Amino acid sequence: MVSGKGRGERILVTGGAGFIGSHTVVELLRQGYKVWVMDNLQNSCVEALHRVCHLVGPRLSPNLQFHHGDLCNPADLDRLFNASSSFDAVIHFAGLKGVGDSVLNPLHYYHNNIVGTVNLFQAMAKFNCKKMVFSSSATVYGQPEEVPCAEESKLHAMNPYGRSKLFAEEMGRDIEKAGGEGEWRMIFLRYFNPVGAHESGKLGEDPRGIPNNLMPYIQQVAVGRLPHLNVYGHDYPTNDGTAVRDYIHVMDLAHGHVAALRKLFANDTIGCTAYNLGTGRGTSVLEMVAAFEKASGKKIPIKMCPRRPGDATAVYASTEKAEKELGWKAKYGIEEMCRDQWNWVSNNPWGYQGNH
Ligand SMILES: NC(=O)c1ccc[n+]([C@@H]2O[C@H](COP(=O)([O-])OP(=O)(O)OC[C@H]3O[C@@H](n4cnc5c(N)ncnc54)[C@H](O)[C@@H]3O)[C@@H](O)[C@H]2O)c1
Ligand SMILES: O=c1ccn([C@@H]2O[C@H](COP(=O)(O)OP(=O)(O)O[C@H]3O[C@H](CO)[C@@H](O)[C@H](O)[C@H]3O)[C@@H](O)[C@H]2O)c(=O)[nH]1
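The rules behind each value
- Residues numbered from 1 in each chain as written.
- Chains lettered and ligands numbered in written order.
- Predicted model: local features only at pLDDT ≥ 70, side-chain atom pairs only at ≥ 80, totals over all residues.
- Heavy atoms only, no water.
- Helix = DSSP H or I, 4+ residues; strand = E, 2+ residues; numbered from the N terminus.
- Rg over C-alpha atoms; globule rule 2.2 N^0.38 Å.
- Buried < 20%, exposed > 50% of the residue type's maximum accessible area, 1.4 Å probe, protein only.
- Contact = heavy atoms within 4.5 Å.
- Areas by Shrake-Rupley, 256 points an atom, 1.4 Å probe, with all protein chains shown as cover.
- 1 Å grid on protein atoms, 1.4 Å probe; cavity = no way out; pocket = protein on both sides within 12 Å on 5 of 7 lines; lining within 4 Å.
- Points joined across faces, edges and corners; volume = space filled by probe spheres on them.
- Nonpolar A, V, L, I, M, F, W, Y, C, P; charged D, E, K, R; others polar.
- Pairing = 2+ DSSP bridges.

Moving on, we come to the overall build of the protein. Secondary structure summary: the protein contains 11 helices and 13 strands in total. Taking 2.2 N^0.38 as the reference for a compact globule, 356 residues should give roughly 21 Å; the C-alpha atoms of the protein span a radius of gyration of 19 Å, in line with that estimate. Taken along the three principal axes of its C-alpha coordinates, the protein extends 55 × 45 × 40 Å. Considering the protein as a whole, with its 356 residues, one finds that 57% of them fall into the buried category. A fraction of 81% describes how many contacts in the protein between residues 6 or more apart in sequence connect residues 24 or more apart. By element, 49% of the accessible surface of the protein is carried by carbon and sulfur atoms, the whole surface being about 15,200 Å².

Below, the structure written as structure tokens:
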């Protein structure tokens, strides 16, 4: 069990204006860290960070600095590392995340996610900041041969997005191996399906365009932006025929990042280690729809459709390693995820920027 508050360590958070990043920044500030967000706002807006400041209040908000910059531009990284006299650790969220989009635009994904990560590693090496928490994904398990997915399972990417996560992990392992003992410390957090929102209703997921993922799609149906939910596949060998996933509350993820940071600072033999962040529980698409209807009091019309190519039947996490080594365990269930997601979307039906 790794515990204790941050002692003012200086943390660079790439992609910190995004969905998971903004929720994590709230927790980092509350735990006493000093945070620099670097984001090019290609899938987010600065309003999310204004709200973070509002949530943590005037005492802690001066500990957050925003730097508009692109990881694909090494000069942006150099400027930031120079201006801040380097960092104690980096949490690397920045990346593009659309599975289907990555199949259509592979070069765009490799450029942004791989070149961006190479540049970040180079800046970290140059400025001697060698601790990183990286946003990996359950996507590195591909179509899992066995569930629950354990960290030592075979890794297999099925699309350019997944390959960009797997390559980044492999890159990290190579860099760590090439360094001296204890020189680099890296934790790869493999998230399952992040959903929900901050309990205040001030922060949440605000995707651009038509959402690809289940919960953002449901939330837009609930507020009348979309007419119905397409349920992809109703002939899976599951209890109700729909696919099963491990949904995890974004605030549980935020706490998972704080636990990972503490581990990085406390343990000089961590090397490169991967942890699943999931609940260990599987929920079907129809169960998720029912839970959201209950939380919101809204009917979500559905249309049964064929399976979405590439989707697995059931994916959920083995959670033992994170529990044992990070002292972290998800607290929230699907009721709280749906409650907080509804609170966010009912207060912000058009996201951060109003009616756009
Ligand atoms: N949300 C999920 O379902 C999920 C699941 C598993 C893993 N992940 C990973 O977690 C991370 C965060 O995901 P999210 O859901 O918060 O996504 P998000 O799109 O909301 O946040 C990503 C942020 O990174 C920024 N960004 C992207 N490329 C950048 C670049 N080159 N330079 C600077 N900033 C850049 C974007 O503007 C955005 O603010 C991503 O790496 C994603 O692949 C997400
Ligand atoms: O409109 C929709 C959207 C999704 N689904 C289904 O809902 C389930 C969950 O889908 P989705 O929310 O898209 O998540 P995943 O396909 O499990 O992938 C997410 O979770 C992975 C594991 O973390 C990440 O790697 C991916 O980036 C992220 O998109 C799947 O069975 C989908 O077929 C629908 O039925 N209708």
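Now that the structure has been shown, we can carry on.
Bringing the layout of surface pockets into the picture now. Where empty space is left can be seen by rolling a probe of water-molecule size over the atoms. Of the volumes computed, that of the second largest pocket is approximately 210 Å³. If you go around the second largest pocket, the residues you meet are Y141, Q143, P144, E145, E146, V147, P148, C149, A150, S153, K154 and H156. For the lining of the second largest pocket, the residue count by class is six nonpolar, three polar and three charged.

Among the seven residues of strand β5 (residues 131–137), seven are classified as buried, and the element is accordingly described as predominantly covered. Residues K131, V133, S135 and S137 of β5 are buried on one face, and the alternating residues M132, F134 and S136, pointing to the opposite face, are buried as well. Here three bridges tie strand β4 (residues 89–92) to β5, and the two strands are oriented parallel to one another. Paired with H92 across the two strands is F134, which belongs to β5. The pairing of β5 with strand β6 (residues 185–191) spans seven bridges and is classified as parallel. When the bridges of β6 are listed, K131 appears paired with R185.

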